[in-house]
Amino acid sequence: MLVLRLGPEDLIQVTDGKGLKVLAKITEVNKRDCHFSVIEKLPSPEKSFHLHLAIAPTKNLDRMEWMVEKLGEIGCDQVSFIKTANSDRSHLRMERLEKKAISALKQSKGSKKVILNPLTTLKDFLSNLSFDQGYVAHLEEDTTYLMSSLKPKGRVVILVGPEGDFTKEEIETSRMSGMTPISLGNQTLRTETAGLMACHFVNIINKF
C-alpha cells in the first residue's frame with residue numbers, strides 16, 4: 001500500500017510498536033523495501049494505567065481476530081489467552097492474531113502494539129501475575145458491577161471466561177489469587193464482546 005501511494009520526499013509516521021513514534025521522509029521506494037530518514041521524534045504520552053485482558057478463546061477464531069483488532073484500536077496493552085474447563089479451543093494461530101494487532105496499530109496511529117501472549121492454563125496465568133486491580137467476570141448472581149469497582153490508574157487485569165463461563169472452582173481460584181468477582185451487566189454477552197466491553201470500561205474510568 002505504501003509503495004502504491006507514496007514516493008520519495010513524502011512524509012510518513014513510523015513506530016516500532018513499543019512506544020517510539022517518529023516523523024520520517026521517504027528517501028527510496030522499490031518493489032520490496034521503503035527507505036526513509038528520521039526527521040523528528042513525535043510525542044507519545046505515557047498512560048497512567050496498564051490494561052491486561054485474559055480471555056478464553058472462542059471456537060471460531062475469526063471472532064478472536066476481530067476482538068484483537070478492536071482491542072488494539074482502543075489501546076489495550078496486553079492480551080493473554082487462557083485455557084479453562086469450558087474452553088472451546090486448545091490451539092491458536094498466533095501469527096494471524098499478530099497481523100491483526102499490527103493492523104490495529106496502523107489504523108489507530110498509536111505507538112504501542114497490544115502484546116499477545118500464547119494460550120496457557122488459568123492456573124499458570126494466575127501464578128505469575130502482578131496487578132493493582134484484578135477482576136474476574138462471570139455470570140453468577142449477586143456480583144458487583146465492574147464499573148462500580150474500577151478505580152483510575154494502576155495495573156488492571158480482567159479475566160473473561162468462555163461462553164460456558166468459568167466454573168465455580170475457577171472463580172474461587174481466581175478470588176484466592178486476589179481477583180474480585182464482577183459482572184459486566186444484565187445481558188449475557190459473547191466472549192469477545194465481554195472482553196471488549198470490559199476494556200472499554202477501564203478506558204472510560206481513566207478518561208482515555
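Each chain carries its own residue numbering, running from 1 in the direction its sequence is written. It should be noted that, the model being predicted, local features are given only for residues of pLDDT at least 70 and side-chain atom pairs only at 80 or more, the latter also being counted only at that level, while totals for whole chains, interfaces and linings use all residues. By convention in this description, side-chain values take in all heavy atoms of the structure and omit both hydrogens and water.

1. Comments concerning the packing of aromatic side chains
Then, number 1: Here a Phe, Tyr or Trp ring, Trp counted by its six-membered ring, pairs with any other such ring whose centre lies within 6.5 Å, and the pair is stacked when the planes are under 30 degrees apart, edge-to-face when over 60, and tilted otherwise. Taken as a whole and assessed by the stated rule, the structure comprises one aromatic pair.
Then, number 2: Aromatic side chains Phe-49 and Phe-208 sit 5.7 Å apart centroid to centroid with 80° between the ring planes, which places their arrangement in the edge-to-face category. Residue Phe-49 is found in strand 4 (residues 49-55), and its partner Phe-208 is found in the segment after helix 7 (191-205); the two are separated by 159 residues along the sequence.
Then, number 3: The exposure class of Phe-208 is exposed, given its relative accessible area of 52%.
Then, number 4: The criterion for a charge sitting over a ring is simple: Lys NZ or Arg CZ within 6 Å of the ring centre, and within 35 degrees of the ring normal. The positively charged end of Lys-47 is found above the aromatic ring belonging to Phe-49, 4.3 Å away from the centroid.
Then, number 5: Above the plane of the ring of Phe-208 lies Lys-47, whose end atom (NZ or CZ) is 4.8 Å from the centre. Here a helix means four or more residues in a row that DSSP labels H or I, a strand means two or more in a row labelled E, and each is numbered from the N terminus. Residue exposure (1.4 Å probe, protein chains only): buried if accessible area is under 20% of the type maximum, exposed if over 50%, otherwise partly exposed.

2. A look at the sheet that holds strand 9 (residues 154-160)
Then, number 1: Pairing between strands is defined by DSSP: at least two bridges between them are needed. The parallel open sheet is built from seven strands, whose spatial order is 6-5-4-9-7-10-8. The sheet terminates laterally at strand 6 (115-121) and strand 8 (144-145), the two strands that pair on one side only.
Then, number 2: In this sheet, strand 10 (residues 180-183) lies alongside strand 7 (residues 133-137) in parallel orientation, the contact comprising three bridges. Counted as the bridge partner of Ala-137 is Ile-182 from strand 10.

3. Topic: the layout of surface pockets
Then, number 1: By volume, the second largest pocket amounts to about 530 Å³.
Then, number 2: As for the second largest pocket, its lining consists of 26 residues, and the residues nearest its centre are Lys-47, Asp-77, Ser-111, Lys-112 and Phe-208.
Then, number 3: Elements with a contribution of two residues or more to the lining of the second largest pocket: strand 4, helix 2 (61-74) and helix 3 (94-108).
Then, number 4: Ranked by residues supplied to the lining of the second largest pocket, first place goes to helix 2 with three residues.
Then, number 5: Classification convention: Asp, Glu, Lys, Arg as charged; Ala, Val, Leu, Ile, Met, Phe, Trp, Tyr, Cys, Pro as nonpolar; all other residues, Gly among them, as polar. Tallied by class, the residues present in the lining of the second largest pocket amount to nine nonpolar, eight polar and nine charged. Each cavity reported here is a set of points on a 1 Å grid over the protein atoms alone in which a 1.4 Å probe fits but cannot get out, each pocket an open set with protein on both sides within 12 Å along at least five of seven lines, and each lining residue one with an atom within 4 Å of a point. Grid points are joined across faces, edges and corners, and a volume is the space filled by probe spheres set on the points.

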